[in-house]
Amino acid sequence: MVVRIWVVEAESAEAEARSLLSPAELSRADELGREQVRRTFVTSRAVQRALGARYLGMPEPEVGISRACSHCSDGDHGKPHFTAAPELDFSVSHTGDLVVIAAATGTKVGLDVELVSRTIEIDEIVHTLASEGERRGLAAYRGESLRTALFRIWARKEATVKLTGHGLLQVPFLALSVDGPVARIDDPPADWPDQAIHLNDLSLGYGSVAALATTVPRPEIDIVTLQRVADLSL
């Protein structure tokens, strides 16, 4: 079982990435105010389309991507998937200027990446993010090591709910524990996977921490840094 992960810097990729988007996506991108938000949106959508195009053998703008939520009636906040290839599961994350996508067949995937340099109120985040057991573990850390450990927990929780497609209203982070090899949850919501959710920490560089969640244990993980979105290959 191989999970492939591609890493792209949005600042260098945006110009080329725009050529891969549909007219509707370009229109939406141009409505975004902040430059960095626009860059990451464009690059994220382009990487998703490049993945679908390689897998399906069609031009990027023709790739159909659904974001309908499988847990409610909303049509635009669910886990994205290719309408013509539901067997290819993928997950996208971005932080700062970094866009990362993971994809595999034969397992569900969830991915999250966080910049450790982000400004946060550590005490506040600890008490809104970490379960009781996780707080006990965090007590052993100080300074920068505490920030890193906290962001590691954050990335693991985000990766878990990205795999399942649930939102924070359905899965409060305090009910979710990720300080072991598999995620554990108190009172799981409807449609929570029957399989165990296995957690892997990733080393992507860029001053980030990242986590991958899968429904198979110990997948082979292949990480590639792209200079151009068009260089994405399966």
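Residues numbered from 1 in each chain as written. Predicted model: local features only at pLDDT ≥ 70, side-chain atom pairs only at ≥ 80, totals over all residues. Heavy atoms only, no water.

## A look at the environment of isoleucine 122
Applicable threshold: Secondary structure elements are defined from DSSP: runs of H or I of at least 4 residues count as helices, runs of E of at least 2 residues count as strands, and each element is numbered from the N terminus. In what follows, residue pairs with any heavy atoms lying within 4.5 Å of each other are defined as contacts.
Relative to the helices and strands, isoleucine 122 is located in helix α4 (residues 122-129). Sequence separation between isoleucine 122 and glutamate 25 is 97 residues; the distance between their C-alpha atoms is 36 Å. With residues near it in sequence (within four places) discarded, isoleucine 122 still touches Leu146, Arg147 and Leu150.

## Details of the sheet that holds strand β5 (residues 98-105)
Note the following rule: DSSP bridges decide pairing: two strands pair if at least two such bridges lie between them. Where helices are involved, their axes are fitted lines through C-alpha atoms of the stretch in contact, as for all axes, and angles between N-to-C directions lie from 0 to 180°.
If you walk across this open sheet you meet the four strands as β4-β5-β1-β11, and the pairing is mixed. Of all the strands in the sheet, just β4 (88-95) and β11 (220-226) have a single pairing partner and so form its edges. When the angles between neighbouring strand axes are averaged without regard to direction, this sheet yields 15 degrees. Pairing of strand β1 (residues 2-9) with β5, which is carried by six bridges, proceeds in the antiparallel orientation. Each bridged residue has a counterpart across the sheet, and for valine 8 the counterpart in β5 is valine 99. On top of the sheet, helix α1 (residues 10-18) reaches β1 and β5; it is set at about 95 degrees to β1, its chief contact. Along the sheet, helix α3 (residues 35-56) contacts β1, β4 and β5; its crossing angle with β5, the most-contacted strand, is approximately 25 degrees.

Keep in mind that these numbers describe shape and distance, not what the molecule does.
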